[in-house]
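Okay, here's what each chain looks like letter by letter:
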Amino acid sequence: MRLHIIARGKIGRSPESALVDRYLKRISWPTKHSELPDTPDKGRGGELPASDSPYKTIMLDEKGAQLSSVELARLLERWRDDGVREVRFLIGAADGFDDTARAGADKLIAFGKATWPHLMARAMLAEQLFRATSIIANHPYHREG
């Protein structure tokens, strides 16, 4: 199953970009990282890229559930075992997602109650994906309690 981060905005050559790359390279599952313009602009790269079917969509959103690392791992593991070929993780622009977009997601998740800069959220997501796949593989990277 491919883990695909799709984010609005450019990360450029930044410390956050280095973190995203570092964690995505550690993941043994197929990964992809796509960037879209800050605002949807049909015909100019603003549309979501094509996906492998069947797929699931997780949006990072302030109204989302706060999952533990183990809970995220178990969700990914279940979807993988059910034959999902791709999980798309959407990170919106500065104004986030509207209710219509949220309704189209399979799951909304949040990284706590605090508001995080989009570049940090992307780095945190990459680390959590590495952690989740490590948990699934029984790798000692994650330590409980």
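Our subject is the structure that appears above.
Residues numbered from 1 in each chain as written. Predicted model: local features only at pLDDT ≥ 70, side-chain atom pairs only at ≥ 80, totals over all residues. Heavy atoms only, no water.

1. Some points on the packing of aromatic side chains
Within the structure shown, the criterion is met by 2 aromatic pairs. The interplanar angle of 35° and the centroid separation of 6.2 Å between the aromatic rings of Tyr23 and Phe130 together place this pair among those described as tilted. One end of the pair, Tyr23, is in helix H1 (residues 15–26); the other, Phe130, is in helix H4 (residues 118–136), and 107 residues separate them in sequence. Of the two residues, Tyr23 and Phe130, both sit in the buried class. In textbook terms, an aromatic cluster arises when at least three aromatic residues are bridged by ring pairs, as seen for Tyr23, Phe130 and Tyr141. The ring of Phe130 carries the charged tip of Arg26 above its face, separated from the ring centre by 5.7 Å. The side chain of Arg88 reaches across the aromatic face of Tyr55, ending 5.1 Å from its centre. (Phe/Tyr/Trp six-rings, centres within 6.5 Å; stacked < 30°, edge-to-face > 60°. Helix = DSSP H or I, 4+ residues; strand = E, 2+ residues; numbered from the N terminus. Buried < 20%, exposed > 50% of the residue type's maximum accessible area, 1.4 Å probe, protein only. Lys NZ or Arg CZ within 6 Å of the ring centre and 35° of its normal.)

2. Remarks on the environment of Ser134
Its place among the elements puts Ser134 in helix H4. The exposure class of Ser134 is buried, given its relative accessible area of 5%. For the pair formed by Ser134 and Arg26, sequence separation is 108 residues and the distance between their alpha carbons is 9.5 Å. Ignoring any residue separated from it by four or fewer positions in sequence, one finds Ser134 in contact with His139 and Tyr141. (Contact = heavy atoms within 4.5 Å.)

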